[in-house]
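Report on the structure
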Amino acid sequence: MPGLVLFGRRWAIGSDDFVLPGAFELFVRLVWWIGILVLYAVHKGQFDCPGGGLLHSYLLGLIVLLAFIICALSALVYISMQGTISNPGPRKSLPKILYTRLLLYFPEFIWAVVGAVWVSDNSVQCEKTVINGVIGTVIASWIIIIFTIIGAVIVFDPLGGKKTFYLPEGVSRNLESSQSGQLLYNVKSSATRVWEKRIRLLCCCIVQDDDHRVAFTSIAELFRNYFSDTDLVPSDIAAGLILLHQEQDKMENCPKEPEEVLCHSPSSLVSDDLDVELENAAHYMLFAAAAYGWPYYVYTNPYTALCKLNGDCCRSRPTDADITGSDRHNFHFGAILKITGLQYRDFIHISFHNKIYEIPFFVALDHKKEAIVVAVRGTLSFEDILTDLSADCEDLTLEEVLENGFVHKEYKLVIVGHSLGGGTASILAIMLRNSFPTLRCYAFSPPGGLLSKSLADYTKHFIVSVIVGKDLVARLSMPNMEDLKRRIVRIVANCNRPKYQILLRGCWYEVFGGDPDDFPTELDGRNQDALTQPLLAEESLMVHRSPSYNALEEEPHLNSPPQYPHLYLPGKIIHVVEECSSRRLCSSDIKYTARWSNETVFSSILISPKMITDHMPDVVLKALNSLSQEHASCLSCQTRGYDPSAV
């Protein structure tokens, strides 16, 4: 719903977001109040000790104050439970109750100070139980006050004052007018500065140069553009993701059409080609994983990695390999050696330089496949994250690439990488293709918004992308993010359940599984053509119709042409999925299947608990190894004349 307007500004919290935190505080206050009542009743008439008079007044005042707070909280929770995300009408009285609740913090603060002074008074000689009870009360008061301040800081919107501004009815909204144009410029500039400050704060631990400042500004403008046209608070987005996940699971459980099943039945020739590529992918994924160095090795071998690496840290670096960049104690290189199983002499060049737009990589000889492998590291540092978020498009002119190059006369050139490394490896392969016609590239879980359609088609001859399951990064592009935003707006605007019910049932579903909840919505009974048109509640959550935002320009509607160019995954795509999808994240007995896919399968972001884990390099390597071993066992059975189906 639109963000709550309080004290003349918008906050990043909705009027229906007080149910769960309010109920928790209400429970704490009730237990606290009952405890104080019992304490007062048990020691009534025993306040004749030194300082007892002040104690008696303190406890009575606290009982009355807690009673008022409990009443205010009860009203706050009840009102916040009313209505739906897009129907805040039944909650219109909530700001008044919230003002009342906030006013009660002043006497509570005073009472907390009085209690702290009384406890610290050495002349007080009352019963120890009473003193301990007051100490607990004082501590609880200060904890609640501190958490309230932290909560206010979290939901504070620095742009709240800008977003509640309204143009007078008589003022023209024509952007060519100097007044509206200046207002629009000020709002956009303020939003960019706020996002830039947030990014700088997150990256405060890294050395910042001109490249970083340019990246900060570019990323800030990207976030400003993405979040500027909706009036959703974070809990709305969480509710939308929960609804989309359950809606998606319901669609996956529906029986497929016969034509859809047949289209995934490849010919034997295509199947043989897939088996070969899967075997190659499993082999080269080891190099892509090794590029992460010691963090990956420790992550996959948590109990023995440090001991094994410590044995190599004192060894001198090999003189045959050209190593640049910082690698303290030889940990990175030692981990690469252990993961790949190569020898010192097999490495041609290793770069550990890591800056924005500069990614670590290594070049090594792979004697098993007779290849020179260039392995590019994926995202591992703040600099890599900044590189990931730099979404500006760049022209790539193939005529300007190197005309003549050299490589071992018997060995082929293979470029590999995972995640950001997969995208970088793909672009590098395109640039070197003219010089090395036999070049091959394996991009594991590359970012989805990478290449234009024509360039993606061109790379199908020498690049293979491998995607596991519902990997988020492989579907991550600006058009897909815009599509996700519109899907969230659509589903939360038309769900007629309160937000707290959506969140509670969604958490139960994510943790314990079961059947997807059938949330009734206003979409039920509408035909497909009607679903393509924006709905009134949906429009109300967009900036140009929001009651707490002001549209200083005519924003494009939900079904307008995309603002960002469509970019696609590189090369031919192998999609690896679980045969039997398990809702248990920790399940180890997982079987995979693989098939050739196309870029349209990845044109929408899928919501799932595995959308992150499916991207992890160890999961990708495990899936490919499982498929490779399964294929090898099948070949062994066929060689021996064994028919598994006969068992």
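Calculation notes
- Residues numbered from 1 in each chain as written.
- Predicted model: local features only at pLDDT ≥ 70, side-chain atom pairs only at ≥ 80, totals over all residues.
- Heavy atoms only, no water.
- Helix = DSSP H or I, 4+ residues; strand = E, 2+ residues; numbered from the N terminus.
- Buried < 20%, exposed > 50% of the residue type's maximum accessible area, 1.4 Å probe, protein only.
- Contact = heavy atoms within 4.5 Å.
- Areas by Shrake-Rupley, 256 points an atom, 1.4 Å probe, with all protein chains shown as cover.
- Salt bridge = Lys/Arg side-chain N within 4 Å of Asp/Glu carboxyl O.
- Phe/Tyr/Trp six-rings, centres within 6.5 Å; stacked < 30°, edge-to-face > 60°.
- Axes fitted to C-alpha atoms, helices over the stretch in contact; angles between N-to-C directions.
- Parallel < 35°, antiparallel > 145°, perpendicular 65-115°, else oblique.
- Nonpolar A, V, L, I, M, F, W, Y, C, P; charged D, E, K, R; others polar.
- Left-handed = near helix turned anticlockwise from the far one by under 90°.
- Expected span 1.5 Å × (residues − 1).
- Arc of directions from axis to C-beta.
- Pairing = 2+ DSSP bridges.
- Right-handed = clockwise from strand over helix to strand, strands pointing away.
- Patch = residues over 30% accessible without salt bridge, like charges linked within 9 Å, V, L, I, M, F, W, Y side chains within 5 Å.
- Core = buried A, V, L, I, M, F, W, Y, C linked by side-chain atoms within 4.5 Å.

**Let's talk about the overall build of the chain**
Looking only at helices and strands, the chain has 23 helices and eleven strands in total. The buried share of the chain, reckoned over its 647 residues, is 46%. Excluding contacts between residues fewer than 6 apart, the proportion of contacts in the chain whose partners are at least 24 apart in sequence is 75%. Summed over its atoms, the accessible surface of the chain is roughly 33,400 Å², and 61% of this surface lies on carbon and sulfur atoms.

**Concerning the environment of Lys-591**
One can find Lys-591 in the loop between strand S10 (572-578) and strand S11 (592-597). Taking the C-alpha atoms as reference, Lys-591 lies 8.6 Å from Val-577; in sequence the two are 14 residues apart.

**Here we look at the pattern of salt bridges**
Enumeration over the complete set of coordinates arrives at 16 salt bridges. The partner of Asp-273 in a salt bridge is Lys-572, with the nearest N and O atoms 3.5 Å apart. One end of the pair, Asp-273, is in helix H11 (residues 268-290); the other, Lys-572, is in strand S10, and 299 residues separate them in sequence. Between Glu-599 and Lys-460 there is a salt bridge, and its shortest N-O distance comes to 3.6 Å. Of this pair, Glu-599 sits in the loop between S11 and helix H22 (610-613) while Lys-460 is found in the loop between helix H17 (453-458) and strand S9 (463-468), placing the two residues 139 residues apart along the sequence. Residues participating in the shared-partner salt-bridge network are Asp-16, Asp-17, Arg-91, Asp-236 and Lys-499.

**Quick look at the environment of Phe-333**
Among the secondary structure elements, Phe-333 is positioned in helix H14 (residues 331-340). What makes Phe-333 buried here is its relative accessible area of 0%. It is 9.4 Å that separates the C-alpha atoms of Phe-333 and Phe-352, two residues lying 19 residues apart in sequence.

**Concerning H14**
Counted residue by residue, H14 has nine buried out of ten residues, so it is predominantly covered. Looking one or two residues past H14, Gly-341 carries a phi angle of roughly 75°, positive in sign.

**Section: the packing of aromatic side chains**
Applying the stated criterion across every chain, the model contains eleven aromatic pairs. Ring centres of Phe-7 and Tyr-99 lie 5.2 Å apart, and the angle between their planes is 75°; on these two criteria the pair is classed as edge-to-face. A residue pair is termed long-range when its members are at least 10 positions apart, and Phe-7 in the loop between strand S1 (5-6) and strand S2 (9-10) and Tyr-99 in helix H3 (residues 94-103) qualify at 92 residues. A residue is classified by how much of its surface remains accessible, and Phe-7, at 54% relative accessible area, is exposed. By relative accessible area, which is 32% here, Tyr-99 ends up partly exposed. Between Phe-109 and Trp-142, the ring centres sit 5.4 Å apart and the planes meet at 85°, which makes this aromatic pair edge-to-face.

**Re the packing of helix H9 (residues 234-253) against helix H18 (residues 478-493)**
Helix packing for two helices is described by the angle between their axes and how far apart those axes are. Between H9 and H18, whose axes approach to 9 Å, the crossing angle comes to 90°. Classified by the angle between their axes, H9 and H18 sit roughly perpendicular to one another. Along its contact with H9, which presents Asp-236, Ile-237, Ala-239, Gly-240, Leu-241, Leu-243, Leu-244 and Glu-247, the element H18 presents Leu-484, Arg-487, Ile-488, Ile-491 and Val-492. Of the residues that constitute the contact of H9 with H18, the class distribution is nine nonpolar, one polar and three charged.

**Topic: the side chain of Ser-445**
One can find Ser-445 in the loop between strand S8 (440-444) and H17. Overall, the relative accessible area of 0% leaves Ser-445 in the buried class. Those residues within four positions of Ser-445 in sequence are excluded, and the remaining contacts are His-418, Ser-419, Val-466, Ile-467, Asp-471, Val-473, His-615 and Val-620.

**Notes on the packing of H9 against helix H19 (residues 499-512)**
H19 packs onto H9 with a crossing angle of 50° between their chain directions and a minimal axis gap of 9 Å. Between H9 and H19, the angle falls in the class oblique. Crossing angle aside, the handedness with which H9 passes H19 is left-handed. Note on element contacts: H19 touches H9 through Lys-499, Ile-502, Leu-503, Arg-505, Gly-506, Tyr-509 and Glu-510, opposite Ser-235, Asp-236, Ala-238, Ala-239, Ile-242, Leu-243, His-245, Gln-246 and Asp-249.

**Section: unusual backbone geometry**
The phi torsion at Glu-370 lies on the positive side, around 50°, for a residue other than glycine. Topologically, Glu-370 is positioned in the loop between strand S5 (361-366) and strand S6 (371-376). Accessibility expressed as a relative area gives 44% for Glu-370, which makes it partly exposed.

**Considerations on helix H4 (residues 105-120)**
It helps to recall that an α-helix has 3.6 residues per turn; residues three or four apart then point in one direction. Spanning 16 residues, H4 covers 22 Å between terminal C-alpha atoms, matching the ideal 22 Å at 1.5 Å per step. Burial in H4 covers these residues: Tyr-105, Glu-108, Ala-112, Gly-115 and Trp-118. Along H4, the residues classed as buried sweep out an arc of 140° about the axis, all on the same side. Structural note: H4 exposes Phe-106, Val-117 and Ser-120 on the side pointing more than 90 degrees away from its buried face.

**A word on the pairing of S10**
For S10, a buried count of six out of seven residues is recorded, marking the element as mostly surrounded by other parts of the structure. Pairing of S9 with S10, which is carried by five bridges, proceeds in the parallel orientation. Directly across from Val-466, in S10, lies its bridge partner Ile-574. As paired elements, S10 and S11 share six bridges and run antiparallel to each other.

**Looking at the pairing of strand S7 (residues 412-418)**
Within S7, six of the seven residues are buried, which leaves the element mostly enclosed by the surrounding structure. Judged from the six bridges that link them, S6 and S7 form a sheet pairing that is parallel. Within the sheet, the bridge partner assigned to Ile-372 lies in S7 and is Leu-413. Here five bridges tie S7 to S8, and the two strands are oriented parallel to one another. Bridging across to S8, Ile-415 finds its partner in Cys-441. Between the parallel elements S7 and S8, the chain passes through helix H16 (residues 420-432) in a crossover that is right-handed.

**Some points on a nonpolar patch on the surface**
Together, Ile-135, Ile-139, Ile-143, Ile-146, Phe-147, Ile-150 and Ile-154 give the surface a local cluster of nonpolar side chains, amounting to about 670 Å² of exposed area. Tracing the sequence through the fold places Ile-143 in helix H5 (residues 128-155).

**Details of the nonpolar core**
Nonpolar side chains tend toward joint burial in soluble globular proteins. Within the largest apolar cluster, 49 residues are counted, with the highest numbers of intra-cluster contacts made by Tyr-284, Phe-347, Phe-362, Val-416, Phe-444, Val-576 and Leu-624. A total of ten residues in this core trace back to one element, the largest contributor, which is H11. Aside from chain neighbours lying at most four places away, what touches Val-576 is Val-466, Ile-467, Val-468, Gly-469, Tyr-592, Thr-593, Ala-594, Ala-623, Leu-624 and Leu-627. Listed in part, the 23 residues of the second largest apolar core include Val-374, Ile-415, Leu-420 and Ala-425.

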